[in-house]
Amino acid sequence: MFEKVVAAPADPILGLTEAFRADTRSHKINLGVGIYKDESGATPILHCVKKAEQRLLEGEKTKNYLGIEGNLEYARIVQQLLFGQDAALIASGRAKTAQAPGGTGALRIAAEFVVRNGLAKTIWISDPTWANHVSVFQSAGLTVKQYKYYDAATKGLDFAAMQASLSEVQAGDLVLLHGCCHNPTGIDPTTEQWRTLAKQSAAAGWLPLFDFAYQGFARGIEEDAEGLRIFAECHDELLVASSFSKNFGLYNERVGAFTLVSASKAIADVAFTQVKTVIRANYSNPPSHGAAVVTAIVSDPALYAEWVEEVTAMRVRIREMRELLVAKLAERGVNQDFGFIREQNGMFSFSGLSKDQVERLKSEFAIYIVGSGRISVAGITRANIDPLCDAIAKVL
Ligand code: PLP
Ligand code: TYF
């Protein structure tokens, strides 16, 4: 009966990686998928990760299953990264965290928890957003609606339009917010805008779901949690899907977390029993290694300091590439002002390149970027930036 199955379309981002691999041109450049590359074009294992792994290898005594919610020490550490080391929210027990297989796994837990318990039927996501959001939420049975976010004319956030479309959110609807480094636009709300949104949300009764996949890539570990912490101050209830794929370079270890914040510890404890049933029915309990690595790093002051240094180095290198990209495009006499690239946060730049221009970059120059014009700045190096800028200047 499998002959009845109709082929699924390729994933717009992972499909691009497959096409890149198949391309035999030696000068090819992959700026599609959001993976950090260092100056030599490699995606290295962080030094702090290697050290933590050595310790784990020596100290590990069993491969026994973790509990359904995963590593408890890890849960504590995730909450500290989210809300701050001494947050009253943590001390009160209002937050409960389950380890999850990546940020994607955490998003799926969030969606199923909400649907199964009849808490919400609709989720609002930004236009545009990470392509997988729609699939994850629809698969879990949510109706997906979009709110306005990006303004192609100003290459910035259309905050008035965002607020206007979010004024249609019904009390109890989920609203997905990118904690920082919005994917794909790289444009985040300002502090003032976060405050305004948090007030709008509290007044209208949204259930905020933060997708937090790039902590440390915009301004710093603490700084990047600002939006979430502003929301946490004025909400009894919210959800967070954390990913440590990028900021610990642990992509293939699948390390993330789902965090639920409630009005009281008692409510959180009961709600969390339902989170555990969602996990139990999906994958029973999480894989151990990635979360053990994160726990070993964050709980050791020396390793933590080294991690902060390594995240800073990634962030600074990406910022340098943004500066260089803008300068080198200007050098080539490109009329358009690309200065907005400097204002964007994180791995991605929403370049404003059209579908046709993206297609020409691929066919004529072997440069792979996502059809939306999203460039993974984290893949630009001093070695590939000149041919990249030459090609962009030609297609413009
Ligand atoms: N959310 C956003 C906005 C992302 O960009 C990504 C990964 O690119 C994820 C979630 C998923 O992260 P993970 O690889 O940990 O599942
Ligand atoms: O580049 C992006 O936006 C992501 C990267 O399992 C990615 O799609 C790739 C694989 C995956 C999750 C995220």
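Numbering of residues starts from 1 in each chain and follows the order in which that chain's sequence is written. Lettering for chains starts from A, numbering for ligands starts from 1, and both go in the order in which the items are written. Given that the model is predicted, a residue must reach a pLDDT of at least 70 before its local features are reported, and side-chain atom pairs must reach 80 or more before they are shown or counted; all residues, however, enter totals for whole chains, interfaces and linings.

Burial runs high along strand 8 (residues 207-212): six of the six residues are buried. The criterion for strand pairing is that DSSP finds at least two bridges linking the strands in question. Under the DSSP-based scheme used, a helix requires at least four consecutive residues in state H or I and a strand at least two consecutive residues in state E, with every element numbered from the N terminus. In terms of strand pairing, strand 7 (residues 174-178) meets strand 8 through five bridges, oriented parallel. Each bridged residue has a counterpart across the sheet, and for Leu176 the counterpart in strand 8 is Leu209. A right-handed crossover is one whose linking path, passing over the helix from the first strand to the second, runs clockwise when the strands point away from the viewer. As for the winding sense of the linkage, the β-α-β connection from strand 7 through helix 8 (residues 191-204) to strand 8 is right-handed. As paired strands, strand 8 and strand 9 (residues 238-243) are joined by four bridges and run parallel to one another. Residue burial is a threshold on neighbouring C-beta atoms within 10 Å of the residue's own C-beta, all placed from the backbone, with 20 or more meaning buried, 12 or fewer meaning exposed, and counts in between meaning partly exposed.

Neighbouring ligand 1 are the residues Gly34, Gly102, Gly103, Thr104, Trp130, His178, Asn183, Asp211, Ala213, Ser243, Ser245 and Gly256. Take the shell around ligand 1: its biggest share by element is three residues, from helix 5 (residues 102-116). Residues are grouped as follows: nonpolar covers Ala, Val, Leu, Ile, Met, Phe, Trp, Tyr, Cys and Pro; charged covers Asp, Glu, Lys and Arg; every other residue, Gly included, is treated as polar. Here the shell around ligand 1 is composed, by residue class, of two nonpolar, nine polar and one charged. All residues are tested the same way: a C-beta atom is placed from the backbone, and lying within 6 Å of a molecule or strand makes the residue near it.

This part covers the site of ligand 2. In the vicinity of ligand 2, the contacting residues are Ile13, Leu14, Val33, Gly34, Thr104, Trp130 and Asn183. Split by residue class, the shell around ligand 2 holds four nonpolar, three polar and no charged. Note that the domain bounds were set by an automatic or database domain assignment. No fewer than three residues from each of domain 1 (2-45 + 303-395) and domain 2 (65-299) sit in the shell around ligand 2.

Any set of buried Ala, Val, Leu, Ile, Met, Phe, Trp, Tyr and Cys residues joined through C-beta atoms within 7 Å is what this text calls a nonpolar core. Counting residues in hydrophobic clusters, the biggest one holds 110 residues, and the most contacted among them are Ile109, Ala110, Phe258 and Val294. No other element matches helix 12 (residues 301-331), which puts eight residues into this core. Taken domain by domain, the makeup of this core includes at least three residues from each of domain 1 (2-45 + 303-395) and domain 2 (65-299).

Here we come to the sheet that holds strand 4 (residues 143-148). The mixed open sheet is built from seven strands, whose spatial order is 2-10-9-8-7-3-4. At either margin of the open sheet sits one strand with a lone partner, and together these are strand 2 (95-100) and strand 4. Within this sheet the neighbouring strands show an average axis-to-axis angle of 25 degrees, counted without direction. Two elements, strand 9 and strand 10 (residues 256-261), share six bridges in a ladder whose sense is antiparallel. By the bridge assignment for strand 10, Ser242 is matched with Ala257. Two residues qualify as being in contact provided that their C-beta atoms, derived from the backbone, are within 7 Å of each other. Inter-axis angles, ranging from 0 to 180 degrees, are taken between N-to-C directions of lines fitted to C-alpha atoms, where helices are fitted over the stretch in contact. Along the sheet, helix 6 (residues 132-139) contacts strand 3 (122-127), strand 4 and strand 7; its crossing angle with strand 4, the most-contacted strand, is approximately 145 degrees.

Let us now look at the packing of helix 11 (residues 289-298) against helix 12. If you want to describe how two helices pack, look at the angle between their axes and the distance between the axes. One can describe the packing of helix 11 onto helix 12 by two numbers: an axis separation of 6 Å at closest approach and a directional angle of 105 degrees. Here helix 11 lies roughly perpendicular to helix 12, going by the angle between them. Within the contact between the two elements, helix 11 uses Ala296, Ile297 and Val298 and helix 12 uses Leu303, Tyr304 and Trp307. Split by residue class, the contact of helix 11 with helix 12 holds six nonpolar, no polar and no charged. Roughly parallel here means an angle under 35 degrees, roughly antiparallel means over 145, roughly perpendicular means 65 to 115, and every remaining angle is called oblique.

So, on to the UniProt feature "domain: Aminotransferase class I/classII large" (unreviewed entry) in the chain. The UniProt record annotates "domain: Aminotransferase class I/classII large" (unreviewed entry) at residues 27-392. Taken end to end, residues 27-392 is 45% helix and 15% strand, and its two terminal C-alpha atoms sit 15 Å from one another. UniProt positions are given in the numbering used here, feature names are shortened, and annotations may be inferred rather than shown by experiment.

Below, the discussion takes up the domain arrangement of the chain. In terms of domains, the chain is made up of domain 1 (2-45 + 303-395) and domain 2 (65-299). Here domain 1 and domain 2 have C-alpha centroids that lie 26 Å from each other. Those elements that provide at least two residues to the side of domain 1 that touches domain 2 are helix 12 and strand 11 (348-350). In terms of residue count, the dominant contributor to the side of domain 1 that touches domain 2 is helix 12 (six residues). Of the residues that constitute the side of domain 1 that touches domain 2, the class distribution is 14 nonpolar, eight polar and two charged.

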